[in-house]
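An overview of the molecular structure
Each chain, letter by letter, is given below.
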Amino acid sequence: MTSRTVKRYADAATPEDLFTGQWQTRTSVLDEYKAYLDDRWNEGHTNAWKPWEEIVPLGYQGSYQRVRAYLRRKRTSPRPVTARPPSPRAVAGWILRRLETLSETEHLQLKNVRANCPAIDALTRHVRAFATMLTERRGGRLPDWLDAVRQNNLPSLHTLAAGIDRDRDAVIAGLTLPWNSSVVEGHVNRIKMLKRQMFGRAGFRLLRKRDLLA
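So, here is what we can say about the structure in this document. (Residues numbered from 1 in each chain as written. Predicted model: local features only at pLDDT ≥ 70, side-chain atom pairs only at ≥ 80, totals over all residues. Heavy atoms only, no water.)

1. Considerations on the environment of Val-29
With respect to the helices and strands, the residue Val-29 is situated in the loop between α2 (22–25) and α3 (34–42). Note: C-alpha distance between Val-29 and Arg-66 (37 residues apart in sequence) is 9.1 Å. Aside from chain neighbours lying at most four places away, what touches Val-29 is Tyr-60, Gly-62 and Arg-66. (Helix = DSSP H or I, 4+ residues; strand = E, 2+ residues; numbered from the N terminus. Contact = heavy atoms within 4.5 Å.)

See below:
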């Protein structure tokens, strides 16, 4: 027995926690709509027909029988049957993308995550507020944004806010003025690429010559 197998048995609180075979973890066309079905179930819509009619316009292309089987499991299973939680990468993508690029089901899934996790709800608001400052050049809002961030228990954002606060005037200028250092950063990136091509073994004179000739 490997140490991973022993740890899995040791960490399991109930025998059901060990049921993680391929049939339990494989994906289904219904997965991204289960959160919506769970919400409708909690609202009292336990008949499969009506929720199935509602998710078809949202893009669901599976069968009615699959929806009925999922709701039957919720009705008969001794343990609660709910949608699989989305991965952290998926949630981060929903938060960082523009609202108009999210599909209806992604909107619903993010809404469900935010409703069940106040920290992610606050994080989403702060990230989108900063994105507005960045894309619309509204640097004057930065002091209010920093104050709002400090009011929530989000240690990672507090670290970011502290770093911004140390150079507040420069950040406000960067979020307001039309000039930026993107051209300089592009040249720095090109020089780094040339250096990597030489595996760091050549001296400055050769690097300078290659950079000028490039």
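2. Points about the packing of helix α6 (residues 88–96) against helix α8 (residues 118–136)
Axis separation between α6 and α8 bottoms out at 9 Å; the angle between their running directions is 40°. Between α6 and α8, the interaxial angle falls into the category oblique. Contacts from Val-91, Trp-94, Ile-95 and Leu-96 in α6 reach Ile-120, Leu-123, Thr-124, Val-127 and Arg-128 in α8. Residues that form the contact of α6 with α8 fall into these classes: 7 nonpolar, 1 polar and 1 charged. (Axes fitted to C-alpha atoms, helices over the stretch in contact; angles between N-to-C directions. Parallel < 35°, antiparallel > 145°, perpendicular 65-115°, else oblique. Nonpolar A, V, L, I, M, F, W, Y, C, P; charged D, E, K, R; others polar.)

3. Observations regarding the nonpolar core
Counting 13 residues, the largest nonpolar core has Leu-30, Leu-37, Ile-55, Tyr-60, Val-67, Tyr-70 and Leu-71 as its most contacted members. Looking at this core, the elements with two or more residues in it are α3 and α5 (64–76). Looking at this core element by element, the count peaks at 4 residues for α5. Beyond its immediate stretch of four places on either side in the chain, Leu-37 contacts Leu-30, Pro-51, Ile-55, Val-67 and Tyr-70. (Core = buried A, V, L, I, M, F, W, Y, C linked by side-chain atoms within 4.5 Å. Buried < 20%, exposed > 50% of the residue type's maximum accessible area, 1.4 Å probe, protein only.)

4. Remarks on the side chain of His-126
Relative to the helices and strands, His-126 is located in helix α8. With relative accessibility at 4%, the residue His-126 sits in the buried group. For His-126, the contacting residues outside a window of four places in its chain are Trp-145, Ala-148, Val-149, Asn-152, Leu-154 and Leu-157.

5. Topic: the packing of aromatic side chains
Evaluated as defined, the whole model comprises 5 aromatic pairs. Where Tyr-33 meets Tyr-60, the ring centres are 5.5 Å apart and the plane angle is 75°; that geometry is what we call edge-to-face. With Tyr-33 in the loop between α2 and α3 and Tyr-60 in the loop between α4 (49–55) and α5, this residue pair connects regions lying 27 residues apart in the sequence. Judged by relative accessible area, Tyr-60 falls into the buried class, the value being 4%. With a centroid separation of 5.0 Å and an interplanar angle of 55°, the aromatic rings of Phe-130 and Trp-145 are classed as tilted. Here Phe-130, found in helix α8, pairs with Trp-145, found in helix α9 (residues 142–150); they are 15 residues apart in sequence, far enough to count as distant. (Phe/Tyr/Trp six-rings, centres within 6.5 Å; stacked < 30°, edge-to-face > 60°.)

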